[in-house]
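# An overview of the molecular structure
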Amino acid sequence: MLNETVFTWGAPPLKFGPGALDEIGLEVGARGARSALILTDPGVAETGVPQRALDALKEAGVDAEIFAAVGVEPTDESIMEAVEFARRRDWDAYVAIGGGSAMDTAKAVNLLTTHDGDLLEFVTPPIGEGRVPTEPLKPLIAVPTTAGTGSESTTICVVDMLTLHLKAGISHPALRPTLALVDPTTMITMPPEVTAASGMDVLSHALESYTSVRYDAKPAPEDPMRRPAFCGANPISDVWCEMALRLTGANLRRAVMNGRDMEARTQMALASTYAGTGFGNAGTHMPHANAYPIAGAVQDYQSSGYPEMVMVPHGQAVSVTAPQVFRWTYPGDPDRHLRAAELLSGRTFDTRDGADALAETLRDLMADIGIPASLRHFGYTPDDVDTLVSGAMKQSRQLAVTPRPVTPTALASIFTASF
């Protein structure tokens with residue numbers, strides 16, 4: 001079997017800066033759309049940002065409406081509710097306003113209103129059938145109100161499959177938004193807990209992409225036209241990931257401590273854009289693979305700063321095993337791990353620091369911004385390790401770019417150490 005020799009890279013057009021949201025009507029109209037559905041969640045709707053977008057759309061002559069019932073950490077059920085609402089009319093375009101929940105829901109709505117079939121058909125194997133979209137999707141403009149998810153840049157939609165008790169993903173280039181419209185002024189109202197969790201998602205995206213297996217150390221695909229969205233570490237993604245690590249290390253603590261620090265907010269929005277561009281091509285690996293069963297199998301955890309519902313915020317779920325993951329992946333590329341720790345902390349490390357450098361840098365940051373550092377915080381016990389391992393082993397997209405061969409035994413050791 002030959003090694004891969006080609007890597008892919010893609011990102012949507014970007015409009016970034018304070019006041020960018022006010023140009024959304026012009027952007028939708030420029031794409032020939034005369035009607036648009038805004039998808040958002042109740043908390044974001046209360047900030048007035050979606051109404052601001054609605055006013056701009058109407059001023060530009062676009063007939064628009066707001067669907068404000070997007071599920072926080074969307075499930076297959078909440079997505080189908082949004083799909084049924086959207087199917088009442090043939091919309092020319094969609095606008096997603098919020099965190100990853102709104103953007104992932106909008107991607108699924110766009111897919112299922114332009115194709116027949118159900119959600120699970122499109123989910124990546126082995127959980128779903130991996131059906132490929134064949135019809136053109138409508139224009140989708142993504143407006144993130146959190147600095148973290150990166151969904152405004154990616155081809156990926158993540159769903160909590162309630163009946164399966166785990167999260168799963170749909171991945172195809174057709175899902176990538178038509179435009180990422182990033183306005184840091186929409187992020188001022190984020191509570192500290194949401195700022196912390198979304199910022200750890202930025203960090204996890206950058207770290208996982210930067211340390212993922214190199215694209216040319218993967219087997220070549222049988223069909224060059226169906227290369228996976230996650231192609232592995234590559235020279236272009238590396239640049240964005242390094243910038244994201246540097247910006248996050250310098251600004252995340254500030255943004256958590258003072259949400260009205262506009263410089264910190266703007267720099268974290270940039271870090272999120274950079275990290276989303278990086279991971280949307282290179283890919284995420286074990287922290288994200290672990291996060292999906294952690295979030296999907298939780299029984300009664302409720303996080304401060306979030307709506308009153310049982311859920312593990314995504315940024316917390318990807319963080320809790322990350323220190324142990326990066327201890328374990330260190331032998332896969334020691335230089336990358338040490339360099340990542342330097343970019344994040346501003347300190348200098350060498351091989352004498354070894355696997356502790358990045359792991360302890362992460363632990364220090366998590367402690368400073370209040371991110372849970374043990375699976376016990378979410379109600380898990382060592383008796384749950386088998387369930388968590390089973391769910392993580394199903395995440396084929398992430399495991400394919402992990403820089404060491406993943407086994408159930410290795411995963412069990414990481415989950416156990418994360419208590």
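These remarks concern the structure in this document. Starting from 1, residues in each chain are numbered consecutively following that chain's sequence as written. In keeping with the predicted nature of the model, local features appear solely for residues at pLDDT of at least 70, side-chain atom pairs appear and are counted solely at 80 or more, and the whole-chain, interface and lining totals rest on all residues. To get the side-chain values, all heavy atoms of the structure are used, and hydrogens and water are removed first.

## What about the overall build of the protein chain?
Filter applied, for reference: Numbered from the N terminus, helices here are DSSP runs of H or I no shorter than four residues, and strands are runs of E no shorter than two. Only C-alpha atoms enter the radius of gyration; for comparison, a globular chain is expected to reach 2.2 Å times N to the power 0.38, where N is the number of residues. Areas reported as accessible are Shrake-Rupley estimates using a 1.4 Å probe. Residue values count occlusion only from the protein chains shown. Charge counting treats Lys and Arg as positive and Asp and Glu as negative, with His and both chain ends excluded. Charge positions are represented by NZ for Lys, CZ for Arg, CG for Asp and CD for Glu.
When its secondary structure is counted, the protein chain shows 17 helices and eight strands. Over its C-alpha trace the protein chain gives a radius of gyration of 20 Å, about what one expects of a compact globule, namely 22 Å for 419 residues. Projecting the C-alpha coordinates of the protein chain onto the three principal axes gives extents of approximately 65 × 50 × 40 Å. Summed over all atoms, the accessible surface of the protein chain reaches about 16,000 Å², with 52% contributed by carbon and sulfur. Computed over 32 positive and 50 negative side-chain charges, the separation of the two mean positions in the protein chain equals 4 Å.

## Remarks on unusual backbone geometry
For the bond from P125 to P126, the omega torsion is 5°, close enough to zero to count as cis. Relative to the elements of secondary structure, P126 occurs in the loop between α6 (119-122) and β5 (140-144). The backbone of E73 sits at a positive phi, close to 55°, despite the residue not being glycine. Position of E73 relative to the elements: it lies in the loop between β3 (63-67) and α4 (76-86).

## A short note on the side chain of S303
The line we're drawing: We define a polar contact as two N or O atoms separated by no more than 3.5 Å, with the added condition that, inside protein, one atom must be a possible hydrogen donor and the other a possible acceptor, whereas residues neighbouring each other in sequence contribute only through side-chain atom pairs. The contact criterion used is simple: two residues touch if any of their non-hydrogen atoms lie within 4.5 Å.
Residue placement: S303 occurs in the loop between α10 (286-296) and α11 (314-319). Within the structure, S303 has its side chain in polar contact with the side chain of Q316 (distance 3.1 Å). Apart from residues lying up to four places away in sequence, S303 is in contact with M311, P313 and Q316.

## Quick notes on the packing of aromatic side chains
The geometry of an aromatic ring pair is captured by two quantities: the separation of the ring centres and the angle between the planes. What counts, and what does not: Any two rings among Phe, Tyr and Trp, with Trp reduced to its six-membered ring, count as a pair given centres within 6.5 Å; such a pair is stacked if its planes are under 30 degrees apart, edge-to-face if over 60, and tilted if neither. A 1.4 Å probe rolled over the protein chains alone gives each residue an accessible area, and that area as a share of the maximum for its type sets the label: buried under 20%, exposed over 50%, partly exposed in between. Comment: the charge-over-ring label is applied if NZ (Lys) or CZ (Arg) is within 6 Å of the ring centre and within 35 degrees of the ring normal.
Applying the stated criterion to the full structure yields four aromatic pairs. With a centroid separation of 5.0 Å and 65° between ring planes, the pair formed by F7 and Y215 is classed as edge-to-face. In this pair, F7 is assigned in the segment before β1 (14-16) and Y215 in the loop between α7 (192-211) and α8 (235-257), connecting sequence segments 208 residues apart. With a relative accessible area of 26%, F7 lands in the partly exposed category. Seen from their ring centres, W240 and Y274 are 5.1 Å apart, and the 40° between their planes marks the pair as tilted. With a gap of 34 residues between them, W240 in helix α8 and Y274 in helix α9 (residues 262-279) connect regions that are remote in the sequence. W240 gets classed as partly exposed once you look at its relative accessible area, which sits at 29%. Given a relative accessible area of 16%, Y274 falls into the buried group. Seen from the ring of W91, R89 lies directly overhead, with NZ or CZ sitting 4.6 Å from the centre. Across the ring face of W328, the terminal group of R404 is positioned such that the distance to the ring centre comes to 4.4 Å.

## Quick notes on the packing of α8 against α9
Rules: Here the axes come from fitting lines to C-alpha atoms, over the contacting stretch only for helices, and the angles between their N-to-C directions go from 0 to 180 degrees. Oblique is the label for any angle not under 35 degrees, not over 145, and not in the 65 to 115 range, which are roughly parallel, roughly antiparallel and roughly perpendicular in turn. Here a crossing is called left-handed whenever its near helix is offset anticlockwise from the far helix by less than a right angle, and right-handed whenever the offset is clockwise. Side-chain classes follow a simple rule in which Ala, Val, Leu, Ile, Met, Phe, Trp, Tyr, Cys and Pro form the nonpolar group, Asp, Glu, Lys and Arg form the charged group, and the remainder, Gly included, forms the polar group.
Contact pair α8 / α9: the axes reach a minimum separation of 8 Å and the direction vectors enclose 150°. Our classification of the angle between α8 and α9 gives roughly antiparallel. In the crossing of α8 with α9, the sense of the turn from one axis to the other is left-handed. For the pair formed by α8 and α9, the contact residues are S237, W240, C241, M243, A244, L247, T248, N251, L252, R254 and A255 on the first element and E263, A264, R265, Q267, M268, L270, A271, Y274, A275, T277 and G278 on the second. The residue inventory of the contact of α8 with α9, partitioned by class, reads 13 nonpolar, six polar and three charged.

## Overview of the sheet that holds strand β2 (residues 35-39)
Hydrogen bonds between backbone atoms are what pair the strands of a sheet, whose relative direction is either parallel or antiparallel. Cut-off, in case you're wondering: Pairs of strands are assigned from DSSP output, requiring at least two bridges between the strands.
With respect to topology, six strands assemble into an open sheet ordered β1-β8-β5-β4-β2-β3, the strand pairing being parallel. With partners counted over all chains shown, the strands left at the sheet margins are β1 and β3, one partner each. Between one strand axis and the next, the sheet turns by 15° as a mean value, whatever way the strands run. Relative to strand β4 (residues 93-98), β2 runs parallel, the two being bridged by four bridges. Within β4, the residue paired with I38 across the bridge is V95. Seen against the sheet, helix α3 (residues 49-59) touches β2, β3 and β4 and runs at an angle of roughly 165° to β3. Relative to the sheet, α9 contacts β1 and β8 (179-182), its axis offset from that of β1 by approximately 170°.

These figures come from the coordinates and say nothing about function on their own.
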